[in-house]
Amino acid sequence: MPTDLTRATASALADALAAGTVSSVEVTQAHLDRIAAVDGQVHSYLHVDTEGAIGQARAVDERRRAGESLGALAGVPIAVKDVMTTTGLPTTCGSKMLEGWVPPYDATVVTKLREAGLPILGKTNMDEFAMGSSTEHSAYGPSRNPWDLERIPGGSGGGSSSVLASFQAPLATGTDTGGSIRQPAAVTATVGTKPTYGGVSRYGLVALASSLDQAGPCGRTVLDTALLHAVMGGHDPMDSTSIEAPVPPVVEAARNADVKGMRIGVVKELGGEGYQPGVRARFDESVVLLEELGAEVVEVSCPNFDYALAAYYLILPSEASSNLAKFDAMRYGLRVLPDGVDDPSAEQVMAATRDAGFGPEVKRRIILGTYALSSGYYDAYYGSAQKVRALIARDFNNAYEKVDVLVSPTAPTTAFRLGDKLEDPMAMYLNDIATIPANLAGVPGMSIPSGLADEDGLPAGIQILAPATKDERLYSVGAALEAALVDRWGGPILDRAPVLGDTAAVKGA
Ligand code: GLN
């Protein structure tokens, strides 16, 4: 157990809490102190709930003292992505549209965290309504990558990835519609899982694209991520797409990692042109490590993955334009009156509100989606995209007849510089080229760090994909590979990140 509690894994903290060698108040306070020291540089949090977190920590400590039997992560604090509703805590989804909104209810995931005794440290930054790959679309300014503060921490969940990589929380929640858990994990050397669609409740998430959205766990190790997955997941009657089955045995898989005899498919279409050489090199090494661990590795072709990005950017905007129609200036959220209009009509108020409340990326997607769904174009655009989606699901099914899991680089590049892709939406979208197929097919995926790229010394990620409801396979492969990589690098890759607070290591500080 490190003397600095913020450097400990969630599982080490959980063990120490269970053994009574540390209290939740101490662990939570250590993280609040860390937040006070470094979040001014990283900007992971949109809201920190000092009093609430300490209150929850005290309550768990009391329950433990009273001899109550508590969950595995009881007392371990967590950061929650601002897309999840939290009673009494602001929930902005990174948008001006929801500035100041304090929801009257908790998302099911948040209810589960509270019941399991995880004190909530605060709400993490994100691209507005989860649209983006960098957090630069947050209405409250970007989060920064602890590896290099001039670079992006990924998106949309860059608040949650940077919170972990800067040791401001041992665990965080995310949502992944096209990669927003996995790509941020990849560029910060952290771990993140997008569970099988329906494996974790969507009730109380501000919806982006309902057929793609999936909440999931973010951690610094595969085991920590599994422990959180087990808390977050499971059937929820409040979500009609929730799977009626227990959470897959993810913790057991992470603890008994073994890939011997496992058939692993390298996706041919994810890794060629456009992939940074250092990312590719770390991926190839990881594949060799998996072979050395006893897995059987083959190349698998998923030819329709080439059309995934195009299909996604029709389906996502279509669903988003419909989901965001509720921000009409009437029911809740922002309300802006048009300038110089006496007695404005409802349409005028709506237009002025949306103009002021939505950022450029959100407007872009609403326009795209509304167009794709309009009569006369519906079949040509949305209809065709749905057909491509079916073909991608078929590619996965064919692949899983031959292999148990698929692997690819998580993102084609390491973290890019803030501002680099802001004016070029296509370039930004391309960062999700490898993560999007899983959302279209509803299958689970995970990213773990694969090492540092030679050209820039920045983290790269490897993605593991499994068939629907077989989430435990991600953890078997992830934990086995993680152990081999820790050996190869002489410790966790994140240990090589500059230590924030040590101003010499902070560029521009
Ligand atoms: N970056 C992707 C997008 O902009 C994914 C977003 C997400 O997963 N929420 O749509």
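Predicted, not measured: the structure shown is a model, and the values here were computed from it.

Conventions adopted
Think of each chain on its own: its residues are numbered from 1, step by step along the sequence as written. pLDDT decides what is reported in this predicted model: residues at 70 or higher carry local features, side-chain atom pairs at 80 or more are listed and counted, and totals for whole chains, interfaces and linings draw on all residues regardless. The basis for every side-chain value is the complete set of heavy atoms in the structure, and neither hydrogens nor water enter the calculation. UniProt positions are given in the numbering used here, feature names are shortened, and annotations may be inferred rather than shown by experiment. Site definitions follow a grid-based scheme: protein atoms alone, a 1 Å grid, a 1.4 Å probe that fits but cannot get out for cavities, and for pockets an open set with protein on both sides within 12 Å along at least five of seven lines, plus lining residues having an atom within 4 Å of a point. To qualify as a helix, a DSSP run of H or I must reach at least 4 residues; to qualify as a strand, a run of E must reach at least 2; elements of each kind are numbered from the N terminus. To sort residues, take the accessible area from a 1.4 Å probe on protein chains only and compare it with the maximum for the residue type: under 20% means buried, over 50% means exposed, and anything in between is partly exposed. Contacts: residue pairs with any heavy atoms within 4.5 Å of one another. For this analysis, a polar contact is any N or O atom pair within 3.5 Å, provided that within protein one partner can donate a hydrogen and the other can accept it, and provided that sequence-adjacent residues contribute only side-chain to side-chain pairs. Grid points are joined across faces, edges and corners, and a volume is the space filled by probe spheres set on the points. Residue type decides the class: Asp, Glu, Lys and Arg count as charged, Ala, Val, Leu, Ile, Met, Phe, Trp, Tyr, Cys and Pro as nonpolar, and the leftover types, Gly among them, as polar. A carboxyl oxygen of Asp or Glu within 4 Å of a side-chain nitrogen of Lys or Arg is what we treat as a salt bridge. Nearness is judged by heavy atoms alone; a residue qualifies as near a molecule or strand once a single heavy atom is within 4 Å of it. Calculation of accessible area relied on Shrake-Rupley with a 1.4 Å probe; when residues are assessed, cover is drawn exclusively from the protein chains displayed. Criterion for pocket placement: a molecule counts as inside a cavity or pocket if more than half of its atoms are within 2 Å of its grid points. The span expected for a helix works out to 1.5 Å for each residue beyond the first. Only buried residues count toward a nonpolar core. Its members are Ala, Val, Leu, Ile, Met, Phe, Trp, Tyr and Cys residues joined through side-chain atoms within 4.5 Å. Here a patch means residues that are over 30% exposed by relative accessible area and free of salt bridges, tied together within 9 Å if like-charged and within 5 Å if nonpolar (Val, Leu, Ile, Met, Phe, Trp, Tyr). A pair of Phe, Tyr and Trp rings is counted when the ring centres sit within 6.5 Å of each other, with Trp represented by its six-membered ring. The angle between the planes then sorts it: under 30 degrees is stacked, over 60 is edge-to-face, the rest tilted.

Here we take up the UniProt feature "active site" (unreviewed entry) in the protein chain. As annotated by UniProt and renumbered to match this structure, "active site" (unreviewed entry) occupies K81, S156 and S180. Spanning 100 residues, the named residues nonetheless gather at one spot, since no C-alpha pair among them exceeds 10.9 Å. Of the annotated positions mentioned, S180 line the largest cavity. Inspection of the secondary structure puts K81 in strand β2 (residues 78–81). A relative accessible area of 0% means that K81 is categorised as buried. Ignoring anything within four residues of it in the chain, the contact list for K81 reads K123, T124, M126, A130, S156, G157, S160, T173, G174, T175 and S180. Among the polar contacts listed, one links the side chain of K81 to the side chain of S156, at a separation of 2.8 Å. Note on placement: S180 falls in the loop between β4 (171–175) and α6 (182–188). The class for S180 is buried, based on a relative accessible area of 8%.

Moving on, we get to empty space enclosed by the protein. Summed over all chains, the structure comprises four cavities of 30 Å³ or more. Together, 15 residues line the largest cavity, and A130, G132, S180, Y312 and D432 are the ones closest to its centre. The biggest single contributor to the lining of the largest cavity is helix α10 (residues 308–323), with three residues. Split into classes, the residues belonging to the lining of the largest cavity amount to six nonpolar, seven polar and two charged. There is about 60 Å³ of room inside the second largest cavity. Surrounding the second largest cavity, R7, R34, P146, A165, S166, F167, L494, A497, P498, V499 and L500 form its lining.

Here the focus is the pattern of salt bridges. Counted under the stated rule, the structure contains 18 salt bridges. D404 is the partner of R263 in a salt bridge, and the nearest nitrogen-oxygen pair spans 3.1 Å. Of this pair, R263 sits in strand β7 (residues 263–267) while D404 sits in the loop between α13 (379–402) and β9 (405–409), placing them 141 residues apart in sequence. According to the relative accessible area criterion, D404 is buried, its value standing at 15%. Measuring nitrogen to oxygen at the nearest pair gives 3.0 Å for the salt bridge that ties R331 to D328. Accessibility expressed as a relative area gives 59% for R331, which makes it exposed. Taking relative accessible area as the criterion, D328 reaches 9% and is therefore assigned buried. One continuous salt-bridge network, built from bridges that share partners, spans R282, E285, D454 and R488.

The next point concerns helix α1 (residues 10–19). Among all positions of α1, only A10, S11, L13, A14, A16 and L17 are buried. Positioned one or two residues after α1, G20 has a phi angle of 80°, which is positive.

Turning our eyes to something else, we now look at the site of the ligand. What surrounds the ligand is a group of 16 residues, the closest being G178, S180, Y312, R365 and D432. One nitrogen or oxygen atom from the main chain of G132 is found 2.8 Å from a nitrogen atom belonging to the ligand. The contact in question runs from an oxygen atom of the ligand to an N or O atom on the backbone of T177, over 2.7 Å. Bound to the protein, the ligand loses 100% of the 300 Å² it would expose on its own. The cavity that encloses the ligand is the largest cavity. For the shell around the ligand, the element with the most residues is α10, which contributes three residues. Counted by class, the shell around the ligand contains six nonpolar, seven polar and three charged residues.

Once that is clear, we can look at helix α9 (residues 277–292). Its 16 residues give α9 an end-to-end C-alpha distance of 22 Å, which sits within 8% of 22 Å, the value for a rise of 1.5 Å per residue. Elements in contact with the buried residues of α9: β7, β8 (296–300), β9, β10 (445–452), β11 (459–465) and α16 (472–489). At the exit of α9 stands G294, carrying a positive phi of roughly 105°.

Further remarks concern the nonpolar core. L73, M84, L113, L118, F129, L406 and Y475 are the most contacted members of the largest nonpolar core, which has 126 residues in total. In terms of residues, this core owes the most to one element, α16, which gives nine residues. Beyond its immediate sequence surroundings of up to four residues, L73 is in contact with A10, A14, A116, G117, L118, L171, L227, L228 and V231. Judged by nonpolar contacts, the second largest core, of 13 residues, contains I35, Y45, I54 and L121.

Okay, a nonpolar patch on the surface next. A contiguous nonpolar patch, built from Y371, Y377 and Y381 and spanning about 290 Å² of accessible area, is present on the exposed surface. On the secondary structure map, Y377 appears in the loop between α12 (360–373) and α13. On the basis of relative accessible area, Y377 is assigned to the partly exposed category, the value being 36%.

Residue position: T435 is located in the loop between α14 (425–430) and α15 (436–441). Overall, T435 belongs to the buried group, its relative accessible area being 0%. Engagement of the side chain of T435 in a polar contact is seen with the backbone oxygen of G178, the distance being 2.7 Å. A distance of 3.1 Å separates a polar atom in the side chain of T435 from the backbone oxygen of D432. Not counting chain neighbours up to four residues away, the residues in contact with T435 comprise G178, G179, R182, T410 and Q463.

A separate point is the packing of aromatic side chains. How two aromatic rings sit relative to each other is given by the distance of their centres and the angle of their planes. If you walk through the whole model with that rule in mind, you get 12 aromatic pairs. Plain terms: the ring middles of Y378 and Y382 are 5.3 Å apart, the flat faces sit at 50° to each other, and that makes the pair tilted. Given a relative accessible area of 38%, Y378 falls into the partly exposed group. Seen from their ring centres, F396 and Y400 are 5.9 Å apart, and the 20° between their planes marks the pair as stacked. Of the two residues, F396 and Y400 both sit in helix α13, four residues apart, roughly one turn of that helix. As far as burial versus exposure is concerned, F396 and Y400 are alike and both buried. Each residue in the set F129, F327 and F358 is aromatic and connected to the rest through ring pairs, giving one cluster.

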